[in-house]
Amino acid sequence: MKGTTLKNIAVMTALMKLKFRHVGLFAAVALLATSCMVGPNYHTPKASLAGQWMPSAVITNRPFSDAETYWWRNFNDPVLNQLVELACSNNLSLQIAGVRILEARARLNRSIGNLFPQQQGLSGQVAYSQLNEGLLAKIPGVNPNYVSDQILFGATWEIDFWGKYRRAIQSDRAGFLGSLASYDDGMVTLIADVASTY
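Residues numbered from 1 in each chain as written. Predicted model: local features only at pLDDT ≥ 70, side-chain atom pairs only at ≥ 80, totals over all residues. Heavy atoms only, no water.

1. Re the overall build of the protein
Thought 1: Counting its secondary structure elements, the protein contains five helices and two strands.
Thought 2: With 198 residues in all, the protein has 12% of them scored as buried.
Thought 3: Residue pairs at least 24 apart in sequence account for 75% of intrachain contacts in the protein once pairs closer than 6 positions are excluded.
Thought 4: Total accessible area computed for the protein in this model is approximately 16500 Å², and 64% of it derives from carbon and sulfur atoms. (Helix = DSSP H or I, 4+ residues; strand = E, 2+ residues; numbered from the N terminus. Buried < 20%, exposed > 50% of the residue type's maximum accessible area, 1.4 Å probe, protein only. Contact = heavy atoms within 4.5 Å. Areas by Shrake-Rupley, 256 points an atom, 1.4 Å probe, with all protein chains shown as cover.)

Below is the structure:
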């Protein structure tokens, strides 16, 4: 009977060691898998385009000057300047495109925020106590007044295990840049229409 009990204890000990090894292995695999993102990385599709829009040595990759950005001002026509300014400030389609930029930027910021803790908590407590004038207060070295304090902080968030949040950031960043391009497209079209109609 005693030998059987020792065998049972040895078997149980071996099983516990085996379970702890599996738990350690599972934890290691889980940590390695947190760096995985599901889905292929985006690559820009190939398109057959000309190297330059117009073959000219003047065209470079420098930023536009004010004369190029505000090209209609080169005509020195105050009426045209006023018409363009009115069209830009009163065009509802352009205003909607501007609001869509703000919406896309807010969506991008929300996606970036998902990488950080979603819930935080901070609490504190300070307690002041005074012993009564009884027996404990008369013992030498015992201070009848004492203060205890405590500060707690907690944060929780969901780990980006499969890359869900990183993919959302990539998607929302592309949406934000697309909304900027749509606004610029609308602005160029509006100014060109006003100038050609004038």
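2. Thoughts on the side chain of Ser179
Thought 1: Looking at the secondary structure, you find Ser179 in helix 5 (residues 164–197).
Thought 2: One polar contact links the side chain of Ser179 to the main-chain carbonyl oxygen of Phe176, over a distance of 2.7 Å. (Polar contact = N/O pair within 3.5 Å; in protein donor to acceptor, adjacent residues only side chain to side chain.)

3. Examining the confidence of the model for the protein
Thought 1: Residue-level pLDDT values for the protein average 79, and 73% of them are 70 or greater.
Thought 2: Put simply, helix 1 (residues 2–33) is where the protein has its lowest mean pLDDT, 60, and helix 4 (residues 92–113) is where it has its highest, 94. (pLDDT = per-residue confidence, 0-100.)

4. Concerning the packing of helix 4 against helix 5
Thought 1: Interhelical geometry of helix 4 versus helix 5 gives an angle of 165 degrees and a closest axis separation of 9 Å. Of the possible angle classes, the one that applies to helix 4 and helix 5 is roughly antiparallel. Classified by chirality, the crossing of helix 5 by helix 4 is left-handed. Residue-level inspection shows Leu94, Ala97, Gly98, Arg100, Ile101, Ala104, Arg105, Arg107, Leu108, Ser111 and Ile112 of helix 4 in contact with helix 5, the latter providing Ala168, Ile169, Asp172, Arg173, Gly175, Phe176, Ser179, Leu180, Tyr183, Gly186, Met187 and Leu190.
Thought 2: For the contact of helix 4 with helix 5, a count of residues per class yields 13 nonpolar, five polar and five charged. (Axes fitted to C-alpha atoms, helices over the stretch in contact; angles between N-to-C directions. Parallel < 35°, antiparallel > 145°, perpendicular 65-115°, else oblique. Left-handed = near helix turned anticlockwise from the far one by under 90°. Nonpolar A, V, L, I, M, F, W, Y, C, P; charged D, E, K, R; others polar.)

5. A look at unusual backbone geometry
Thought 1: If you check the backbone angles, Asn76 has positive phi at about 55 degrees while not being a glycine.
Thought 2: Within the element layout of this structure, Asn76 appears in the loop between helix 2 (66–69) and helix 3 (78–90).
Thought 3: Taking relative accessible area as the criterion, Asn76 reaches 66% and is therefore assigned exposed.

6. Concerning the packing of aromatic side chains
Thought 1: Applying the stated criterion across every chain, the model contains two aromatic pairs.
Thought 2: A centroid spacing of 5.7 Å and a plane angle of 85 degrees characterise the contact between Tyr70 and Trp72, whose relative ring orientation is edge-to-face.
Thought 3: On the accessibility criterion, Tyr70 (34% relative accessible area) is partly exposed.
Thought 4: Residue class for Trp72 comes out buried when judged on its relative accessible area of 6%.
Thought 5: Plain terms: the ring middles of Trp71 and Trp72 are 5.9 Å apart, the flat faces sit at 90 degrees to each other, and that makes the pair edge-to-face.
Thought 6: The class of Trp71 is partly exposed, set by a relative accessible area of 34%.
Thought 7: Through pairs of rings, three or more aromatic residues link up here, namely Tyr70, Trp71 and Trp72.
Thought 8: Here the basic side chain of Arg73 rests over the ring of Tyr70, its NZ or CZ set 4.2 Å away from the ring centre. (Phe/Tyr/Trp six-rings, centres within 6.5 Å; stacked < 30°, edge-to-face > 60°. Lys NZ or Arg CZ within 6 Å of the ring centre and 35° of its normal.)

7. A look at the pairing of strand 1 (residues 119–130)
Thought 1: Across the twelve residues of strand 1, zero count as buried, placing the element largely on the outside.
Thought 2: Where strand 1 and strand 2 (residues 145–156) come together, twelve bridges link them in antiparallel fashion. Counted as the bridge partner of Val126 is Asp149 from strand 2. (Pairing = 2+ DSSP bridges.)

8. Some remarks on the packing of helix 3 against helix 5
Thought 1: At their nearest, the axes of helix 3 and helix 5 sit 10 Å apart, and the two run at 140 degrees to each other. Here helix 5 runs oblique to helix 3, going by the angle between their axes. As helix 3 runs across helix 5, the sense of the crossing is right-handed. Between helix 3 and helix 5, the contacting residues are Leu80, Leu83, Val84, Ala87 and Cys88 on the first element and Met187, Leu190, Ile191, Val194 and Ala195 on the second.
Thought 2: When its residues are assigned to classes, the contact of helix 3 with helix 5 shows ten nonpolar, no polar and no charged.

9. Here's the deal with a nonpolar patch on the surface
Thought 1: Taken together, the side chains of Val79, Leu83 and Tyr198 make up a nonpolar region of the molecular surface, amounting to roughly 270 Å² of accessible area.
Thought 2: Within the secondary structure layout, Leu83 lies in helix 3. (Patch = residues over 30% accessible without salt bridge, like charges linked within 9 Å, V, L, I, M, F, W, Y side chains within 5 Å. Salt bridge = Lys/Arg side-chain N within 4 Å of Asp/Glu carboxyl O.)

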